[in-house]
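# Topology and contacts: notes
Each chain, written out:
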Amino acid sequence: MLKTTRTSRTSLLVLVGLLLVIPALASSYHGGIGGPQSHQGSNGAVEIDDVAKSGCLCHNEVADNSVQIILDDVPYGWVAGETYTLRLQLIGGPDATGVYTAGFAMRVSLGTLTGDDVQNWEIDGTVDEQTLTHTEASAATSDRSWTFDWVAPAEAEAGAATFWISGNSVNGDQGPGVEDRWNQLQFALTEGDDASTALGTRTLFAGDGNVSPPEPDHHGVDLHHMGAKLRAHWLGLLGFGAVIGVIVFAGLLLRYGFSTSYKGRSNQLRLRYKLNRRGDQ
């Protein structure tokens, strides 16, 4: 009887442990996310039609502008059939305490999305090339950035291409928490012409713009890293001092000389006065 009770207690502890672990694993999407999702919100279960459009509600129910979503190399207008390489980066949010610290879900209304270290999301067993998300490897990058390609529609006059991007910056504990932050970037890209093509590319971002540069690992530069050892440094200073001494000595030599009949400017004036008197005689 006692043995059965101990076994029941052990099984109960294992079950409780699994219940504590499973929610964290179920709420962690370091392998990518997209399309319709469901999550448990403050008002009960919430169904999301598309994470890219609705946001990362599983981490927090409201977007936070302290997370900056930055998209580089965006054209002013798209040209049919062109491939544009864009760079997405997230700045801000909590400090990384775990491995997987960032992710995103993206959708575009026109064209296709592709790239390395990213993937298209599968919906109903088919790959939707108008969606894009992170991979397990790219969710662990320290700079929280991804590079991808957007291929514009093959035919002209297709209209404006709308982009929806939701990006989350988390602490990496693989579970939702008050520290986790996310934000959204949405914009429409119209078809371009010669004038818009001449403008080149631009950077779009969402957030409050309060971006702090990273702190340096150390302050100052050691002399050894400047290519000069300590002995060479002092020899250089002595050489510099010797050059200054020679310049001063040469200046004094030219100014006063070593003549016994010439002692500065006053003696020169006396000599000139004597010569003038001799000329009068």
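Residues numbered from 1 in each chain as written. Predicted model: local features only at pLDDT ≥ 70, side-chain atom pairs only at ≥ 80, totals over all residues. Heavy atoms only, no water.

## Notes on the sheet that holds strand β11 (residues 181–189)
Strand order in this open sheet of five strands is β7-β8-β5-β10-β11, and the pairing throughout is antiparallel. Unpaired on one side and paired on the other, β7 (118–123) and β11 mark the two borders of the sheet. The sheet shows a mean angle of 25° between the axes of neighbouring strands, direction not considered. Pairing between strand β5 (residues 102–108) and strand β8 (residues 126–134): three bridges, direction antiparallel. Paired with R107 across the bridge in β8 is T131. (Pairing = 2+ DSSP bridges. Helix = DSSP H or I, 4+ residues; strand = E, 2+ residues; numbered from the N terminus. Axes fitted to C-alpha atoms, helices over the stretch in contact; angles between N-to-C directions.)

## Observations concerning the pattern of salt bridges
All told, the structure shown has four salt bridges when counted by the stated rule. With a closest N to O distance of 2.5 Å, R107 and D50 form a salt bridge. Note that R107 is positioned in strand β5 and D50 in the loop between β2 (44–48) and α2 (51–54), a separation of 57 residues in sequence. Accessibility expressed as a relative area gives 12% for R107, which makes it buried. Note on D50: relative accessible area 8%, which makes it buried. Through salt bridges with shared partners, one network takes in D50, R107 and D128. (Salt bridge = Lys/Arg side-chain N within 4 Å of Asp/Glu carboxyl O. Buried < 20%, exposed > 50% of the residue type's maximum accessible area, 1.4 Å probe, protein only.)

## As for the confidence of the model for the chain
Overall, the predicted model of the chain reaches an average pLDDT of 78, with 69% of residues at or above 70. Low confidence marks residues 12–27, where pLDDT is under 50. Its contacts with residues over four positions away, or in another chain, come to seven contacts. (pLDDT = per-residue confidence, 0-100. Contact = heavy atoms within 4.5 Å.)

## Let's talk about the packing of aromatic side chains
This model, assessed by the stated rule, comprises four aromatic pairs. Ring centres of Y84 and W150 lie 5.8 Å apart, and the angle between their planes is 25°; on these two criteria the pair is classed as stacked. On the criterion of sequence distance, the pair formed by Y84 in strand β4 (residues 83–91) and W150 in strand β9 (residues 145–151) is long-range, its members being 66 residues apart. Both rings, one in F163 and one in F187, keep their centres 4.8 Å apart while their planes meet at 5°; by these two values the pair is stacked. Note that F163 is positioned in strand β10 (residues 161–169) and F187 in strand β11, a separation of 24 residues in sequence. (Phe/Tyr/Trp six-rings, centres within 6.5 Å; stacked < 30°, edge-to-face > 60°.)

## Notes on the sheet that holds strand β6 (residues 112–114)
Read from one edge of the open sheet, five strands run β6-β9-β4-β3-β12, paired in antiparallel fashion. Both outer strands of the open sheet, β6 and β12 (201–206), are each paired with one neighbouring strand and no more. Sheet twist, expressed as the mean angle between neighbouring strand axes with direction ignored, is 25°. Of the pairings in the sheet, the one linking β6 to β9 comprises three bridges and is antiparallel in character. For T114, the partnering residue across the bridge sits in β9 and is D149.

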